[in-house]
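# Notes for the structure review
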Amino acid sequence: KEAVAKDLPEKQEQVLEVELHPKHRKIYETHLQRERQKLMGLIQDMDRNRMIVFRSLTLLRMLSLDASLVEEEHEGVPSAKLDVLFEQLEDITAEGHRALIFSQFTSFLKKAADRLDEQGIKYAYLDGSTRNRAEVIASFKDGVVPVFLISLKAGGFGLNLTEADYVFLLDPWWNPAAESQAVDRTHRIGQKNNVMVYRMVARDTIEEKVMALKEQKAKLFSSVMDDDAVFSSALTAEDIRALLQ
């Protein structure tokens with residue numbers, strides 16, 4: 001791809017910072033304090049407590065997206081990230097553009113799917129449990145639907161989706177190479193339009209810390225293809241403290 005990059009249309013990348021709704025913020029901060037207190041005594045022995053720490057970090061990352069992903073009782077708490085996404089999609093689809101939407105969390109992708117259903121926007125959906133994968137992909141490629149929801153592990157590579165010219169990354173990932181692979185589903189040979197890429201990050205949450213940590217350790221992370229491997233091989237006790245500040 002690098003050899004032909006000069007022949008590809010322009011790719012513009014932007015971070016969309018999202019402010020949590022006040023009710024969502026209160027829930028997030030409560031959980032952050034709880035997880036911080038629990039983990040600070042565990043991170044001195046990372047080998048023994050690695051998976052406990054990882055579960056807590058994953059909980060905080062999910063909580064940055066939607067409070068109800070962690071506790072169903074918060075179903076009515078607004079997800080600002082979905083609100084911002086759909087503000088963008090309304091304009092994009094009205095202008096005839098087509099979008100890929102990626103997340104690591106299928107539970108959040110399904111929330112986005114529910115909102116698309118409510119608004120009457122047609123979409124394709126692909127995650128690891130999808131059985132009719134070829135049909136789903138064809139429905140997007142053939143122009144039947146304007147939006148394609150894709151989980152990172154199901155669609156991070158192996159797809160050619162140059163029909164899309166917008167990409168939304170709903171949550172930041174440890175590994176910049178995995179993000180690049182997702183974006184490259186559409187920014188590749190055959191693309192005729194400029195590609196817009198939006199990384200959505202919840203302000204003052206662990207998501208911002210993940211972004212910062214990823215920049216610091218880009219070379220180390222770039223060779224690792226999943227969160228578990230990154231966590232076990234790359235994150236130190238100091239890194240965990242930084243994520244929980």
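This text gives an overview of the structure that appears in the document. (Residues numbered from 1 in each chain as written. Predicted model: local features only at pLDDT ≥ 70, side-chain atom pairs only at ≥ 80, totals over all residues. Heavy atoms only, no water.)

The next subject is the pattern of salt bridges. All told, the structure shown has 15 salt bridges when counted by the stated rule. When the shortest N-O distance is used, the salt bridge between E35 and K38 registers 3.1 Å. Linking E35 with K38, this pair stays in helix 1 (residues 22-40), spanning 3 residues, or about one helical turn. Under the relative-accessibility criterion, E35 is labelled buried at 6%. Notably, a salt bridge pairs E238 with R241, separated by 2.5 Å at the nearest N-O pair. Of this pair, E238 and R241 both sit in helix 11 (residues 237-243), separated by 3 residues, roughly a single helical turn. (Salt bridge = Lys/Arg side-chain N within 4 Å of Asp/Glu carboxyl O. Helix = DSSP H or I, 4+ residues; strand = E, 2+ residues; numbered from the N terminus. Buried < 20%, exposed > 50% of the residue type's maximum accessible area, 1.4 Å probe, protein only.)

What follows is about the packing of helix 1 against helix 2 (residues 46-65). One can describe the packing of helix 1 onto helix 2 by two numbers: an axis separation of 10 Å at closest approach and a directional angle of 170°. By the angle between their directions, the pair helix 1 and helix 2 is classed as roughly antiparallel. On the side of helix 1, the interface is formed by H24, I27, Y28, H31, L32, E35, K38 and L39, while helix 2 contributes I52, V53, S56, L59, L60, L63, S64 and L65. For the contact of helix 1 with helix 2, the residue count by class is 10 nonpolar, 4 polar and 2 charged. (Axes fitted to C-alpha atoms, helices over the stretch in contact; angles between N-to-C directions. Parallel < 35°, antiparallel > 145°, perpendicular 65-115°, else oblique. Contact = heavy atoms within 4.5 Å. Nonpolar A, V, L, I, M, F, W, Y, C, P; charged D, E, K, R; others polar.)

Turning next to the packing of aromatic side chains. Tallied over the entire structure, the rule returns 4 aromatic pairs. Ring geometry for F140 versus F148: centroids 5.4 Å apart, planes at 40°, classification tilted. For the pair F140 and F148, one class covers both residues: buried. Aromatic rings pair up to connect Y166, F168 and Y198 into one cluster. The ring of F86 carries R115 above its face, with NZ or CZ at 5.2 Å from the centroid. (Phe/Tyr/Trp six-rings, centres within 6.5 Å; stacked < 30°, edge-to-face > 60°. Lys NZ or Arg CZ within 6 Å of the ring centre and 35° of its normal.)

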